[in-house]
Amino acid sequence: FTWLVRLLFWTFIIGILGQYVQVLAISLQSVLVNLKLCNYEFVLIGVVMLLPLAQLRTLNDSRAIQQVNTFSITLCILISVCFMWTHMSEQTAHTSLVNYGASWLDVSSALNSFAFAFMGNFIYLEFMAEMPKPEKFYKSFYISSPYQLVMYSLASLTQYGFEGDHAANDGKIFEAIPRDNPLYGIAAFLLLIHMLCAYLVKGTIVAREVHLLVSPGTVNDRTLRGSLVWFGVTTAVAFGAFLISSCIPNFGALVDLLASFQAIPLGLIIPPIYLVGARRHSGRATSLPSALALMGIFVLGCSLTALGIAESVLGLRDSFASGNRPFNC
């Protein structure tokens with residue numbers, strides 16, 4: 001069972017890297033509006049931009065970059081949200097508290113997006129592993145979780161209020177800003193910086209795991225040999241992200257696939273199984289209320305996974321049919 005969990009975990013992170021370079025390419029296209037290239041060519045440019053940053057070997061090495069990461073995405077969202085707020089009265093978008101016309105595909109896609117957005121908790125363990133006093137990590141958790149909830153809610157509710165039923169899950173909140181407005185380019189550039197930094201966190205984790213597999217003796221080697229191995233590993237990981245992004249060029253379709261096949265099982269199905277197993281192994285009983293709660297979470301996860309897989313496969317089919325084919329130009 002452990003091998004299955006590891007498979008889901010690592011393919012999920014690699015899939016996220018593909019999604020990151022996908023948004024990176026979208027940001028590049030928005031910054032370089034006069035440069036006419038295929039989408040996969042923008043992705044390739046983004047991958048080349050990532051490689052210098054990817055040479056940082058540990059998460060501890062990238063502390064300053066993570067501060068830039070938080071600042072850039074916060075400012076990008078605030079610029080986009082403030083623009084929509086100040087121009088809200090000009091819009092005639094149709095909105096409703098409950099979308100009674102939503103199909104099961106729409107509902108499943110929305111649930112997939114929720115699952116994908118809040119499945120970053122596995123990264124916490126990686127940060128804790130490099131902390132001299134990991135018991136103090138809860139301070140960061142108490143800041144990051146409310147921040148995520150507020151920023152996700154602020155961005156999504158504002159965009160829906162501004163664009164209504166036309167709001168798209170395409171990773172471009174700044175698209176509400178007209179392209180001839182200087183704020184458009186600024187917001188796109190800030191998102192570009194954010195994606196470069198965000199890739200670094202998960203990319204470092206994947207690269208280190210691959211490095212341990214191919215050359216465990218040089219993982220912490222900062223000499224020329226160890227650096228060359230690390231460069232080769234990070235290049236291979238970045239190329240894998242390029243392939244994923246180019247093969248599934250639709251942002252929403254990729255999110256749905258990652259959420260239904262990996263995020264929901266990792267977040268809702270596997271944890272109850274491990275918790276019950278760990279309690280049995282240690283001789284601790286599970287109370288009836290806890291057992292019922294865990295069973296409810298497990299059943300919910302299985303239901304959402306089945307629904308999500310059906311929706312994501314159909315969504316990918318429709319995406320390909322509409323022209324979003326692999327390496328399409």
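Check the entry above for the structure.
The structure presented is a predicted model; accordingly, all values stated were derived computationally and were not measured.

Participant: Help me understand the overall build of the protein in this model?
Facilitator: The secondary structure content of the protein amounts to 10 helices and 0 strands. The helix and strand sequence of the protein, counted from the amino end, reads α-α-α-α-α-α-α-α-α-α. The globule rule puts the C-alpha radius of gyration for 329 residues at 20 Å, and the 21 Å found for the protein is close to it. In terms of principal-axis extent, the alpha carbons of the protein reach across some 65 × 55 × 40 Å. Looking at the protein as a whole, 40% of its 329 residues qualify as buried. Of all intrachain contacts in the protein linking residues separated by at least 6 positions in sequence, the fraction that spans at least 24 positions is 80%. Here the protein has roughly 17,500 Å² of accessible surface; of this, 68% comes from carbon and sulfur atoms.

Participant: Looking at this structure, how should I read helix H7 (residues 182-214)?
Facilitator: Given 3.6 residues per turn, any residue in an α-helix points the same way as the ones three and four places further on. In this model H7 runs 47 Å from its N-terminal to its C-terminal C-alpha over 33 residues, within 8% of the 48 Å that 1.5 Å per residue would give. Its axis deflected by about 30° at Lys-202, H7 carries its strongest bend there. Among the residues of H7, the N-terminal cap falls to Asn-181, whose side-chain oxygen and the backbone nitrogen of Leu-183 are separated by 2.9 Å.

Participant: Explain helix H4 (residues 104-117) to me, please; I cannot follow it from the model alone.
Facilitator: Given a rise of 1.5 Å per residue, 14 residues ought to cover 20 Å, and the 20 Å separating the end C-alpha atoms of H4 matches this to within 8%. Listing the buried residues of H4 in full gives Ser-108, Ser-109, Asn-112 and Phe-116. Buried residues of H4, viewed axially, fall in a sector of 100°; they line one side. Buried positions along H4 lie against helix H1 (2-31), helix H9 (251-281) and helix H10 (288-321).

Participant: What is the right way to read the packing of H4 against H9 from this model?
Facilitator: Angle between the axes and distance between the axes are the two parameters that describe a pair of packed helices. Between H4 and H9, the shortest axis-to-axis distance is 8 Å and the interhelical angle comes to 65°. With respect to the hand of their crossing, H4 and H9 are arranged in left-handed fashion. Across the interface between the two elements, Ser-109, Asn-112, Ser-113, Ala-115 and Phe-116 from H4 touch Val-255, Asp-256, Leu-258, Ala-259, Ser-260, Ala-263 and Ile-264 from H9.

Participant: Would you explain the packing of aromatic side chains in this entry?
Facilitator: Each aromatic ring pair is characterised by the separation of its centres together with the angle its planes make. Counted under the stated rule, the structure contains 5 aromatic pairs. Arranged with centres 5.6 Å apart and planes meeting at 65°, the rings of Tyr-40 and Phe-327 form a pair that is edge-to-face. Taken together, the residues Tyr-40 in helix H2 (residues 39-53) and Phe-327 in the segment after H10 connect sequence positions 287 residues apart. On the accessibility criterion, Phe-327 (35% relative accessible area) is partly exposed. Here the aromatic residues Tyr-40, Phe-239, Phe-242 and Phe-327 are joined through ring pairs into a cluster of three or more.

What counts, and where the lines are drawn
Residues numbered from 1 in each chain as written. Predicted model: local features only at pLDDT ≥ 70, side-chain atom pairs only at ≥ 80, totals over all residues. Heavy atoms only, no water. Helix = DSSP H or I, 4+ residues; strand = E, 2+ residues; numbered from the N terminus. Rg over C-alpha atoms; globule rule 2.2 N^0.38 Å. Buried < 20%, exposed > 50% of the residue type's maximum accessible area, 1.4 Å probe, protein only. Contact = heavy atoms within 4.5 Å. Areas by Shrake-Rupley, 256 points an atom, 1.4 Å probe, with all protein chains shown as cover. Expected span 1.5 Å × (residues − 1). Bend = angle between axes of the 7 residues up to and from the residue. Polar contact = N/O pair within 3.5 Å; in protein donor to acceptor, adjacent residues only side chain to side chain. Arc of directions from axis to C-beta. Axes fitted to C-alpha atoms, helices over the stretch in contact; angles between N-to-C directions. Left-handed = near helix turned anticlockwise from the far one by under 90°. Phe/Tyr/Trp six-rings, centres within 6.5 Å; stacked < 30°, edge-to-face > 60°.

On their own, these measurements won't tell you what the molecule is for.
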